[in-house]
Amino acid sequence: MMEVISDNGKTIPGICKQWSINHITSPQYCHLNDMAERMVRTVKSLIKGILKLGASETPHPRIFNFFLLSQFSFVAVSYIGQDCEGVPEFLGRKYGHFTKRLDLSFNLLRSLEGLEEFICLEELILDNNLLRNDLKLPRLPHLHTLTINKNQITELDSLLDHLAEVVPWLKYLSLLGNEACPNELVSLDNDESDYQRYRYFILHKLPNLKFLDARTVTKKEYEEAATRGAFMKVVKPKDDLASNDTGSNSSGFQQYTPLPQGSRDGTNHKGVFAKCRYVYHGRHSEGNRFIRDDQL
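Counting restarts for each chain, with residues numbered from 1 along the sequence as it is written. Reporting of local features is limited, given that this is a predicted model, to residues whose pLDDT is at least 70; pairs of side-chain atoms are given and counted only at 80 or more, and all residues count toward the totals for whole chains, interfaces and linings. The side-chain values count all of the structure's non-hydrogen atoms but skip hydrogen atoms and water molecules.

S.K.: Hey, could you run me through the sheet that holds strand E4 (residues 101-103) in this one?
M.R.: Strands belonging to one sheet form pairs held by backbone hydrogen bonds; the direction of such a pair is parallel or antiparallel. With mixed pairing, the seven strands of this open sheet are ordered in space as E3-E4-E5-E6-E7-E8-E9. The sheet is open, and its two borders are formed by strand E3 (76-78) and strand E9 (215-216), each paired with just one other strand. Any two strands between which DSSP finds at least two bridges are classified as paired. Only DSSP runs of H or I reaching four residues or more are called helices, and only runs of E reaching two or more are called strands; each is numbered from the N terminus.

So, in structure tokens, the structure goes:
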């Protein structure tokens, strides 16, 4: 048998009797009375909000569920792994005015056109996409968290200047997995000093950051970025330039090698024999260290 817990209203007992429902009055469960009244107030405010936007008097369940989420100060939209090359138009049209957290990870994004519809956005996740140095964000005054991990960003100057202009209140930024981020855990060619200079340079451009990549920004880093951050840009020669330099050097003169003349060519595998003037007596041999005199 079904049970309904309510107060002693005039209509509930009659309905329960008609449908053979066990009616339990809320004085036995007094803590539920406040919860029920609070929920009624929440639902009424949601319906009023829907009607103000011009919806019908009988809203669709999906619309109602969406407004139910928006009542709780945080609305998250995830559109992950859909292989889209741009921000889908329907996302901005349906959810742009309410979404505070947008996750577009594991797609094929090359452009962020359409993101201007998300006027209330506070967190933006763009990990594992194909974004390059020319990515352009719309002005998002409420955005405080931005992650662009594992994209194709190779240069920081223009990107940081753009972020300082369009997201002035950015607090959390992560660029791990990009070529522009010299993290030694991502590439063996980098070291801790390269990564630290990279942090100073970003903090010089974005002084409001509190968290960069995988750790909190320290007071010492703020001070160092303010004094020397402008000169901390990490620049390394590109691979094609290095290979060209090597080729030009090899054509100009022959590099030194300790190998005999006959074995310098990698395609020549003939053995080389010569006399050795050094005579080995075995006095300081590593093997002799563990052999007693009576065993010789």
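Read on for the rest.
S.K.: So what exactly am I meant to see when it comes to the pattern of salt bridges here?
M.R.: Between side chains of opposite charge, a pair can form when the charged atoms approach closely. Whenever a carboxyl oxygen of Asp or Glu lies within 4 Å of a side-chain nitrogen of Lys or Arg, that contact is scored as a salt bridge. This structure, assessed with the given rule, holds nine salt bridges. The shortest N-O distance in the salt bridge between arginine 215 and glutamate 192 comes to 3.8 Å. Of the two residues, arginine 215 is situated in strand E9 and glutamate 192 in helix H6 (residues 192-205); the sequence distance between them amounts to 23 residues. Between arginine 215 and glutamate 221 there is a salt bridge, and its shortest N-O distance comes to 3.9 Å. Salt bridges sharing partners connect three or more residues here, namely Glu192, Arg199, Arg215 and Glu221.

S.K.: What should I look at first to understand the packing of helix H5 (residues 157-166) against H6 in this one?
M.R.: Two quantities define a packed helix pair, namely the angle between the axes and the distance from one axis to the other. Between N-to-C directions, angles cover 0 to 180 degrees, with each direction set by a line fitted to C-alpha atoms, over the stretch in contact for helices. Between H5 and H6, the shortest axis-to-axis distance is 9 Å and the interhelical angle comes to 35 degrees. Here H5 runs over H6; the crossing is right-handed. Touching Asp157, Leu160, Asp161 and Ala164 of H5 are Phe201, Ile202 and Lys205, all from H6. Crossings are classed by handedness, with left-handed meaning an anticlockwise turn of the near helix from the far one by less than a right angle and right-handed meaning a clockwise turn. The criterion used for residue contact is that any of the two residues' heavy atoms lie within 4.5 Å.

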